[in-house]
Amino acid sequence: MELFFSSMDALTKSSDRRLIGRTSLLMFPIYGAASVMKPLAKKLSRKNVLLRGGIYTGLIYAGEYASGKFLKKRDMCPWDYSDAKYNIDGVIRLDYAPVWFTLGLVFEKCLCPKK
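Below you will find a few notes about this structure. (Residues numbered from 1 in each chain as written. Predicted model: local features only at pLDDT ≥ 70, side-chain atom pairs only at ≥ 80, totals over all residues. Heavy atoms only, no water.)

**Focus: unusual backbone geometry**
Generally, phi is negative for residues other than glycine and the peptide bonds are trans, each holding for most cases. For Leu-19, which is not glycine, the phi dihedral falls at a positive 55°. We classify Leu-19 as partly exposed; its relative accessible area is 40%. Backbone geometry places Asp-75, a non-glycine residue, at a positive phi of 55°. If you trace the backbone, Asp-75 turns up in the loop between α4 (49-73) and β1 (87-88). Judged by relative accessible area, Asp-75 falls into the exposed class, the value being 72%. (Buried < 20%, exposed > 50% of the residue type's maximum accessible area, 1.4 Å probe, protein only. Helix = DSSP H or I, 4+ residues; strand = E, 2+ residues; numbered from the N terminus.)

**Some thoughts on the packing of α4 against helix α5 (residues 97-111)**
The contact between α4 and α5 brings their axes to 8 Å, and the two run at 110°. Between α4 and α5, the angle is such that the two are roughly perpendicular. The residues of α5 that touch α4, namely those facing Val-49, Leu-50, Arg-52, Gly-53, Gly-54, Tyr-56, Thr-57, Ile-60, Tyr-61 and Glu-64, are Ala-97, Trp-100, Phe-101, Gly-104, Leu-105 and Glu-108. Of the residues contributing to the contact of α4 with α5, the split by class is 9 nonpolar, 4 polar and 3 charged. (Axes fitted to C-alpha atoms, helices over the stretch in contact; angles between N-to-C directions. Parallel < 35°, antiparallel > 145°, perpendicular 65-115°, else oblique. Contact = heavy atoms within 4.5 Å. Nonpolar A, V, L, I, M, F, W, Y, C, P; charged D, E, K, R; others polar.)

Structural data, given as structure tokens:
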């Protein structure tokens, strides 16, 4: 998903039709940490969609912030949102909330499919 997003970003910002995306090997353990959502998703499955999405959004922001600050202290953070209007410490963007809300619900469907 990150490669898709960064490719689309390059296309829209610089008209780069080669659709070259960027990522970092450091992202694999960060994304892998999303697996902790599965037990939570099972417990939340009967709750309101706004509550579930809000919790997932908060968890994604917490993970992104913690990992971003950790990596930034070591000059290893592969992303920098410092130029974005609604950034916090350059490691999270509040305007991404709708994306994280939706992505959390998509992850829920992947991790806990209905039988």
